[in-house]
Amino acid sequence: ADYEVEERMTIDVIVRTNGDVVHQDWARPGPSAHTGMTMDRTAVVSSVLRSVGYDRAQRVLELEFHGGQVYRYADVPARVHRELMAADSHGRYFVRRIRGCYDYRRIPARR
């Protein structure tokens, strides 16, 4: 292509477990778009999840899905992360024990 995209705008959204949007803001890529946090993720064998990261100090679980979407779940106990990583089915554990149980936000995927 004869052009380059120098900067993309993203929408920063926090959604409560009941589906209410409690925060929505435009953000430029970079530390502010990622809430100043970078997280290493571990690849998992799953038909749903591609990788999983966890920040013990912040109690934040980060999940990357095969479609490329990345979500951060707030106030997740370390036990939940351990159980997710040890589960026979990461996708089934996510559906039963994480989805709908914790506040979350979609974050821009890393390039």
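Report on the accompanying structure.

About the thresholds
- Numbering of residues begins from 1 in every chain and follows the order in which that chain's sequence is written.
- Side-chain atom pairs in this predicted model are given and counted only at pLDDT of 80 or more, local residue features only at pLDDT of at least 70, and totals for whole chains, interfaces and linings cover all residues.
- To get the side-chain values, all heavy atoms of the structure are used, and hydrogens and water are removed first.
- Here is the rule: rings of Phe, Tyr and Trp (six-membered ring for Trp) pair when centre to centre is within 6.5 Å. Planes less than 30 degrees apart are stacked, more than 60 are edge-to-face, and the remainder are tilted.
- Only DSSP runs of H or I with at least four residues qualify as helices, and only runs of E with at least two residues qualify as strands; both kinds are numbered from the N terminus onward.
- A simple rule labels every residue: compare its accessible area, found with a 1.4 Å probe on the protein chains alone, to the largest value its type can have, and call it buried under 20%, exposed over 50%, or partly exposed in between.
- Salt bridges are counted wherever a side-chain nitrogen of Lys or Arg sits within 4 Å of a carboxyl oxygen of Asp or Glu.
- Think of a nonpolar core as a cluster: buried Ala, Val, Leu, Ile, Met, Phe, Trp, Tyr and Cys residues, connected wherever their side-chain atoms sit within 4.5 Å.
- For this analysis, residues touch if any pair of their heavy atoms sits within 4.5 Å.
- For helices, the axis comes from a line fit to the C-alpha atoms of the stretch in contact; other axes are also lines fit to C-alpha atoms, and the angle between any two N-to-C directions lies between 0 and 180 degrees.
- To sort the angles, those under 35 degrees are grouped as roughly parallel, those over 145 as roughly antiparallel, those from 65 to 115 as roughly perpendicular, and the leftovers as oblique.
- Under the convention adopted here, Pro, Cys and the residues Ala, Val, Leu, Ile, Met, Phe, Trp and Tyr are nonpolar, Asp, Glu, Lys and Arg are charged, and Gly plus all remaining residues are polar.

Quick look at the packing of aromatic side chains now. For any pair of aromatic rings, the description rests on two quantities: the centre-to-centre distance and the angle between the ring planes. Counted by the stated rule, this structure contains five aromatic pairs. A centroid spacing of 5.8 Å and a plane angle of 70° characterise the contact between Y71 and Y104, whose relative ring orientation is edge-to-face. Within this pair, whereas Y71 is found in strand β6 (residues 70–73), its partner Y104 is found in strand β7 (residues 104–107), the two being separated by 33 residues in sequence. Summarising the aromatic geometry, the rings of Y73 and F94 are spaced 6.1 Å apart at their centres and angled 70° between planes, so their arrangement reads as edge-to-face. Linking Y73 in strand β6 with F94 in helix α2 (residues 90–98), this pair joins segments that are 21 residues apart in sequence. For the pair Y73 and F94, one class covers both residues: buried.

Here we come to the pattern of salt bridges. A side chain of one charge can pair with a side chain of the opposite charge when the charged atoms of the two come close. A full pass over the atoms with the stated rule returns six salt bridges. The closest approach of N and O atoms between E64 and R41, which form a salt bridge, is 3.3 Å. Here E64, found in strand β5 (residues 60–65), pairs with R41, found in the loop between β2 (21–27) and β3 (42–43); they are 23 residues apart in sequence, far enough to count as distant. Each of R41, R50, E62, E64 and R72 takes part in one network of salt bridges that share partners.

If you look at the biggest cluster of nonpolar residues, it comprises 18 residues, and the most contacted ones within it are L61, L63, Y73, L84 and I98. When residues no more than four places from it in sequence are discounted, the contact partners of I98 are L61, Y73, V80, L84 and Y93.

When two helices pack together, their arrangement is given by the angle between their axes and by how far apart the axes lie. Where helix α1 (residues 78–86) contacts α2, the two axes come as close as 8 Å, and the packing angle between them is 150°. Here α1 is positioned roughly antiparallel relative to α2, judged by the angle of their axes. Of the residues in α2, those touching α1 at V80, E83, L84 and M85 are H90, Y93, F94 and I98. Of the residues that constitute the contact of α1 with α2, the class distribution is six nonpolar, one polar and one charged.

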